[in-house]
Amino acid sequence: MAGKLIVFEGTDGSGKSTQFALARQALERAGRDFRTFVYPQYQEESSALVRMYLGGQFGSRPSDVNPYAASTFFAVDRYAGYQRFWGEYYRQGGLMVLDRYTTSNAVHQSAKLSPTEREAFFHWLSEFEYGALGLPQPDLVLWLDMPTPLAADNLRRRERDTHTAGDIHEVDQDYLAACRRAAAQAADFFGWQRIPCVDGGGRLRPPQDIHQEILSYL
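Residues numbered from 1 in each chain as written. Predicted model: local features only at pLDDT ≥ 70, side-chain atom pairs only at ≥ 80, totals over all residues. Heavy atoms only, no water.

A short note on the sheet that holds strand 2 (residues 34-38)
Reasoning step 1: Taken in spatial order, the five strands line up as 2-3-1-4-5 in an open sheet, and their pairing is parallel. Across the chains shown, the open sheet's two edge strands, defined by having one partner strand only, are strand 2 and strand 5 (193-196). For this sheet, the mean angle separating the axes of adjacent strands, direction not counted, is 20°.
Reasoning step 2: Against the sheet, helix 1 (residues 16-29) contacts strand 1 (4-10), strand 2, strand 3 (95-99) and strand 4 (140-145), and its axis sits at roughly 165° relative to strand 2. (Pairing = 2+ DSSP bridges. Helix = DSSP H or I, 4+ residues; strand = E, 2+ residues; numbered from the N terminus. Axes fitted to C-alpha atoms, helices over the stretch in contact; angles between N-to-C directions. Contact = heavy atoms within 4.5 Å.)

Written out as structure tokens, the structure reads:
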């Protein structure tokens, strides 16, 4: 008996890690039996090509690697994580909560394509990851919709605070904007739940306000 699979998705700088942590704490307080997992697995050998790609070894711009090739890098890492760490628990009926998943290819790789090309890519992605690789489809995808300028501000602040440099996805604001547009199209195509990160006046919503909305779906 398969379990349940909940995915947190969003562009870089959308506050996804914060909301993922708050949801985990809420499930713990509720006494739920669940497990969490974060992709990519940067500390594992399965992410070698992901790290090379994001580090600019295949080109300094995201578009230097076509979306189909780049998707395979991330998909292999997901397959390894599923087989090694959480697949058996899920197949026995467990509740899995993931920070990124197959959904990230739909956001970050389809952004390299025109809107008219994306639907064919979404079909290919589903057949590849869910069909050929046998990864389970999520039951609920929570897409944190953050306006690109605010996401970019969050990324630059994180870089200053941690004294780190962003990867080739994070430093390209035009690409971040394309990812947001692609995510909106993917959300419509796949039926994701949109969680707006700003209010009707364009002001950033407090993290706890966003968290309460997420809890209503959980």
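Continuing now.
Quick word on the packing of aromatic side chains
Reasoning step 1: Summed over the entire model, instances satisfying the criterion amount to 19 aromatic pairs.
Reasoning step 2: Judged by centre distance (6.3 Å) and plane angle (35°), the rings of Tyr39 and Tyr101 are tilted. Of this pair, Tyr39 sits in the loop between strand 2 and helix 2 (48-54) while Tyr101 is found in the loop between strand 3 and helix 4 (103-108), placing the two residues 62 residues apart along the sequence.
Reasoning step 3: Of the residues examined, Tyr39 reaches a relative accessible area of 4% and is grouped as buried.
Reasoning step 4: In this structure Tyr101 comes out as buried when scored by relative accessible area, which is 0%.
Reasoning step 5: With 6.0 Å between their ring centres and 80° between their planes, Trp86 and Tyr90 make a pair best called edge-to-face. Pair noted here: Trp86 and Tyr90 are both in helix 3 (residues 67-91), with a separation of four residues, about one helical turn.
Reasoning step 6: The structure contains a cluster of three or more aromatic residues connected by ring pairs, namely Tyr68, Phe121, Phe122, Trp124, Phe128, Phe189, Phe190 and Trp192. (Phe/Tyr/Trp six-rings, centres within 6.5 Å; stacked < 30°, edge-to-face > 60°. Buried < 20%, exposed > 50% of the residue type's maximum accessible area, 1.4 Å probe, protein only.)

Here's the deal with the nonpolar core
Reasoning step 1: Among the nonpolar cores identified, the biggest contains 30 residues, and Leu5, Tyr39, Trp86, Met96, Leu98, Tyr101 and Trp192 are the most heavily contacted of them.
Reasoning step 2: When contributions to this core are tallied by element, the ones reaching two or more residues are strand 1, helix 3, strand 3, helix 4, helix 5 (115-132), strand 4 and helix 7 (173-190).
Reasoning step 3: Broken down by element, the residue count for this core peaks at seven residues, all from helix 7.
Reasoning step 4: With sequence-adjacent residues up to four places away left out, Trp86 is seen in contact with Leu5, Phe37, Tyr39, Gly81, Met96, Leu98, Tyr101 and Pro136. (Core = buried A, V, L, I, M, F, W, Y, C linked by side-chain atoms within 4.5 Å.)

Structural notes on the layout of surface pockets
Reasoning step 1: Of the pockets and cavities examined, the second largest pocket occupies roughly 230 Å³.
Reasoning step 2: Along the walls of the second largest pocket sit 14 residues, with Tyr130, Pro138, Val141, Phe190 and Trp192 positioned nearest its centre.
Reasoning step 3: It is helix 5 that provides the largest number of residues to the lining of the second largest pocket, a total of three residues. (1 Å grid on protein atoms, 1.4 Å probe; cavity = no way out; pocket = protein on both sides within 12 Å on 5 of 7 lines; lining within 4 Å. Points joined across faces, edges and corners; volume = space filled by probe spheres on them.)

All quantities given are derived from atomic positions and should not be read as evidence of function.
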